[in-house]
Amino acid sequence: VSNRVRVAMFWAFVAVCVVGAIVYVRWRINVTDGPVGITVPLYDPADPEVVAMVNDMRAKPHLLFQSASAYGRVGVVTLDNLVDQKIMDTLECERSHFGKDGGLCLVLNRESMQPRAFAYFLDNQFQPLGRLDLAGLPIRARVAADGRHAASTVFVTGENYASEDFTTRTTLYDLPARKAIVDLERFTVERDGKPFSSIDFNFWGVTFRRDSNRFLATLGTGGKRFLVEGDIARRHFRVIADDVECPSLSPDERHVVFKRQRVRAQGWQLWAMNLETRETWAISEDQQDIDDQVEWLDDTRVLYGMVLGSGLPEQALGLWATRIDPAAGKNREFFLRSAWSPAVIR
Amino acid sequence: VYQSGLSSDLRSHNADRKARGLRSIHRNVWFLGLTSLLTDMSSEMVVAVLPVYALYFLHVTPATFGVIDGLQQGGASLVKLIAGFATDRTRRYKTIAASGYGASLVSRLGLVLAGPSAVWLTPLVALDRIGKGIRTAPRDAIISLSVERAALGTAFGVHRTLDTIGALLGPLLGFAILLQIRDGYDVVFVISVALAAIAVAVLVTFVRSPAAPALDTPAEPLEIPRDARFTRVAASAALLGLATVSDSFVYLSIQRLLEFPIEYLPLLYVATPGVYLSLATPVGRIADRFGSARVVIAGYLAMLALYVILGSGMPPMVVGVIAVILLGVFYAATDGVFAALASAVVPAERRAAGLAAVSTANDVGRMFASVMFGWLWSSGATADALQHFQIGLVVALCVVGILLWPMLRKESGSGQS
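Residues numbered from 1 in each chain as written. Chains lettered and ligands numbered in written order. Predicted model: local features only at pLDDT ≥ 70, side-chain atom pairs only at ≥ 80, totals over all residues. Heavy atoms only, no water.

Now for the interface of chain B and chain A. Chain B puts 32 residues into the contact, and the matching count from chain A is 26 residues. Around 2,600 Å² of area is buried between chain B and chain A when both sides are counted, 59% of it from carbon and sulfur atoms. Applying the counting criterion to the chain B and chain A interface returns one salt bridge. Here Arg 28 of chain A ties to Asp 186 of chain B by a salt bridge, and the two come within 2.7 Å at their closest N and O atoms. (Contact = heavy atoms within 4.5 Å. Buried area = accessible area lost by both parts, 1.4 Å probe. Salt bridge = Lys/Arg side-chain N within 4 Å of Asp/Glu carboxyl O.)

The following block contains the structure:
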């Protein structure tokens, strides 16, 4: 190859590198749309006009969610008009959930090292009322419909449920008093009427019953997942089913929708269980990227955040709805763009 | 960033030969300088954002980051000795150098392709350091074989200057990107790939493999001196390295103390070399006057003061500024000066191997230091880890004081004369 050709090839290569880098940077700025990447207008929750607007919205059945376009800030939308969503300039939550009178927002302080994570108690206008320290990476938040109790789960070690060596800590809160009540690890467990205990017990995926004293959750031990029913007053669990992960109880308390993961599979599949007959059936495709605990839209449909396709979370992450009717088979319908952690307030 | 080893030898060369001007410098030197500038920019922008990326974005544990940081400290050193040997044996300078630059390019590409993955981070950093270790010796060989002996100082001076410019520009660019694009680590990696790719292209296209040296100068076998004084210096280097907290961990400690936004962390990677560069020459002069052993000890006392300052209850802003200055002083007082100290105890014919052994001993010490610091941090707080290192450095300084006592004493005599 002559010297000239070599030099020409060099410049062509440099041009490819420079153009490639510029194209990538432009694309990246474009998808995040501006320096800080918030693509939606933010409403100041302390502004009296906004308070009035939110109160109007909250008079109807509505959905509170976290906006992926606004890095986990909380959004409000009424169920009769999904287009008109309002993103509040709140804390940036990793996970959040709400009851009738406020909720729980789990925050990971990115300016510092883990485990500087906090559970913030939010009032009805999304203002923090106080916070408690969390012992790891926040992964689940749940508030009872009556707002009396709440639960948070963090990974103390490990980073996801797919690996075997993780430990979680799940804490119950008295929401009106803004106090931690107890860690689930302190509960006694019974299985088939006999005491059941092991050093490797992990609990997560709390879902409260209407009375708010009893709740369902997952017990993970020795690579197995059990559905357990807890009683806060008695500090006691009873194993009620096998192979159930991250349950969510329907408002009429007749069904549970939960997640299952096959060994070595990527992602999860949603299943439904009739609590009376203990019959189970799959309601979604297998190997879906569903990290969320599902939320019930009504007694027949669940909502959940799922990553579909590639790209940045604000585009790929959205809310999907699935019917639990066995006749509907494996189904899903797109519900809301760029959102996760849904909480339906009826 | 900090060129140890031959630099102090070359500094005196440099002064002598400045008169010859830059025009006598072979094109290989300029193109290798350009390659190094681009590569250092590419690598330092990644190094400067790596702590934030690993700890705050990927959420690896401090212990894991300690291993990554340890690789940054010592990984290249371990490969360098082997690569130097292979270069002299095969004399395929350009091929070996290109494979070294290429390995780093592949590592950056891996960072882009792996996406936000904690699993791939450690092996990719290891690959980058292997590349760095491979390329140093053949690159320096090309430079030294491309110019006359008389122009050697200027040639290395030009190359190291270009190299340093890249090392300063890299973190600035990384900082600018993170400031403009939230969580823009992918952008940093993509630009780093582009820079590294152009660097390899410059090397492949424009640098000519020099003629191998004539037979009357056969490659020296890699023989490390066995002199007792040399052993003392090498042992001191290892011990002191073992008690030295790495830049990344010092910066992270400062950040945690000041609680400034993490996007600003890369700026510290520019500030310290700034202090270092402005102090290197005056400190070199002080070393010539008072003896290099004493200046090295003074440098580590600056490091000790840094630990104390970081743990003191002084206002965070004051602590931050003093800490950056002390770290710069530490590098100015130890980097070239340690090489000068080693030079004094190694016979001329084994200078290269001797200096390499001393710097490797120090780097390996620092490698274990990073792993330890990360581990201590994982099981406690930065403050606890710093306290352990404070005690460790005091002990190391006492032992080194005994080891280097003959040199510390002798120099007091020569200082008066």
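Next comes the rest of the write-up.
For the rest of this paragraph, the subject is the environment of Phe 290 of chain B. Residue and element names in this part refer to chain B. In this structure, Phe 290 sits in helix α10 (residues 265-290). A relative accessible area of 43% places Phe 290 in the partly exposed class. A C-alpha to C-alpha distance of 9.5 Å links Phe 290 and Leu 408, two positions 118 residues apart in sequence. (Helix = DSSP H or I, 4+ residues; strand = E, 2+ residues; numbered from the N terminus. Buried < 20%, exposed > 50% of the residue type's maximum accessible area, 1.4 Å probe, protein only.)

All names here are of chain A. A complete count under the given rule lists 27 aromatic pairs over all chains for this structure. Centroid distance Phe 196 to Phe 226: 5.8 Å. Interplanar angle 90°. Geometry classified as edge-to-face. Taken together, the residues span a long stretch of sequence, with Phe 196 in the loop between β14 (194-195) and β15 (202-208) and Phe 226 in strand β17 (residues 224-231) at a distance of 30 residues. With respect to burial, Phe 196 and Phe 226 carry one shared label: buried. (Phe/Tyr/Trp six-rings, centres within 6.5 Å; stacked < 30°, edge-to-face > 60°.)

This next bit is on the sheet that holds strand β23 (residues 295-296) of chain A. Residues and elements named next belong to chain A. Strand order in the open sheet formed by four strands is β23-β24-β25-β26, and the pairing between neighbours is antiparallel. Lying at the two open borders of the sheet, with one neighbouring strand each, are β23 and β26 (333-337). Summarising the sheet, β23 and strand β24 (residues 301-307) pair through two bridges and their orientation is antiparallel. By the bridge assignment for β24, Glu 295 is matched with Leu 303. (Pairing = 2+ DSSP bridges.)

Residues and elements named next belong to chain A. One open sheet accounts for four strands, arranged β19-β20-β21-β22; its pairing is antiparallel. Every other strand in the sheet has two partners, leaving β19 (245-249) and β22 (280-282) as the edge strands with one partner each. The average angle at which neighbouring strand axes cross in this sheet is 25°, direction not considered. In this structure, β19 lies alongside strand β20 (residues 255-260), joined through three bridges in antiparallel fashion. When the bridges of β20 are listed, Ser 248 appears paired with Val 257. (Axes fitted to C-alpha atoms, helices over the stretch in contact; angles between N-to-C directions.)

Grouped together as the largest cluster of nonpolar side chains are 133 residues, with contacts concentrated most on Val 233, Leu 240, Phe 338 and Leu 393 of chain B. The element best represented in this core is helix α7 (residues 185-206) of chain B, accounting for 17 residues. Residues contacting Phe 338 of chain B, with those up to four places away along its chain left out, are Val 233, Ser 236, Ala 237, Leu 240, Val 296, Tyr 300 and Val 358 of chain B. Core analysis: the next-biggest nonpolar cluster, separate from the first, contains 20 residues, Ala 151, Leu 219, Ile 232 and Phe 237 of chain A among them. (Core = buried A, V, L, I, M, F, W, Y, C linked by side-chain atoms within 4.5 Å.)

Moving on to the side chain of Arg 142 of chain A. All names here are of chain A. Tracing the backbone through its elements, the reader meets Arg 142 in strand β9 (residues 137-143). Side-chain polar atoms of Arg 142 contact the backbone oxygen of Val 294, separated by 3.3 Å. Contact partners of Arg 142, with chain neighbours within four places excluded, come to His 97, Ala 150, Ala 151, Val 206, Thr 207, Phe 208, Ser 248, Gln 293, Val 294 and Glu 295. (Polar contact = N/O pair within 3.5 Å; in protein donor to acceptor, adjacent residues only side chain to side chain.)

With that out of the way, let us pick up unusual backbone geometry. Residue and element names in this part refer to chain A. Of note in the backbone geometry, Arg 235 takes a positive phi value of approximately 55° without being a glycine. Relative to the elements of secondary structure, Arg 235 occurs in the loop between β17 and β18 (236-242). Taking the relative accessible area as the measure of exposure, Arg 235 reaches 33% and is therefore partly exposed. With a phi close to 60°, Glu 253 is a non-glycine residue in the positive phi region. Relative to the helices and strands, Glu 253 resides in the loop between β19 and β20.

Residue and element names in this part refer to chain B. The interhelical angle for the contact between helix α9 (residues 247-258) and helix α12 (residues 316-345), taken along N-to-C directions, is 170°, at an axis separation of 9 Å. When the axis of α9 is compared with that of α12, the two are roughly antiparallel. Contact residues: α9 offers Asp 247, Val 250, Tyr 251, Ile 254, Leu 257 and Leu 258, while α12 offers Pro 316, Met 317, Val 319, Gly 320, Ala 323, Val 324, Leu 327 and Tyr 331. (Parallel < 35°, antiparallel > 145°, perpendicular 65-115°, else oblique.)

Our next topic: the pattern of salt bridges. Residue and element names in this part refer to chain A. Using the criterion set out here, one finds 22 salt bridges over all chains in the structure. For Arg 262, the salt bridge is made with Asp 286, and the minimal N-O distance between the two is 2.7 Å. One end of the pair, Arg 262, is in the loop between β20 and β21 (269-274); the other, Asp 286, is in the loop between β22 and β23, with 24 residues separating them in the sequence.

All names here are of chain B. The N-to-C vectors of helix α5 (residues 118-146) and helix α6 (residues 152-180) enclose an angle of 140°; their axes lie 9 Å apart at closest approach. Between α5 and α6, the interaxial angle falls into the category oblique. Taken as a pair, α5 and α6 cross one another with a handedness that is right-handed. For the pair formed by α5 and α6, the contact residues are Arg 139, Asp 140, Ile 143 and Ser 144 on the first element and Leu 152, Ala 155, Phe 156, His 159, Arg 160 and Asp 163 on the second. The class makeup of the residues in the contact of α5 with α6 is four nonpolar, two polar and four charged. (Left-handed = near helix turned anticlockwise from the far one by under 90°. Nonpolar A, V, L, I, M, F, W, Y, C, P; charged D, E, K, R; others polar.)

Now for the pairing of β21 of chain A. All names here are of chain A. With six of its six residues buried, β21 lies for the most part within the structure. Of the two faces of β21, the one holding Gln 269, Trp 271 and Met 273 and the one holding Leu 270, Ala 272 and Asn 274 are both buried throughout. In this structure, β20 lies alongside β21, joined through six bridges in antiparallel fashion. Bridge pairing in β21 links His 255 to Asn 274. By the bridge criterion, three bridges tie β21 to β22 in an arrangement that is antiparallel. Its bridge partner lying in β22, Met 273 is registered against Thr 280.

A separate point is the state of the cysteines. Residue and element names in this part refer to chain A. Summed over the entire model, instances satisfying the criterion amount to one disulfide over all chains. The residue that forms a disulfide with Cys 93 is Cys 105, at a sulfur-sulfur distance of 2.2 Å. Judged by the torsion about the S-S bond (-110°), the Cys 93/Cys 105 disulfide is left-handed. With a gap of twelve residues between them, Cys 93 in the loop between β4 (81-88) and β5 (95-99) and Cys 105 in strand β6 (residues 102-108) connect regions that are remote in the sequence. (Disulfide = S-S within 2.5 Å.)

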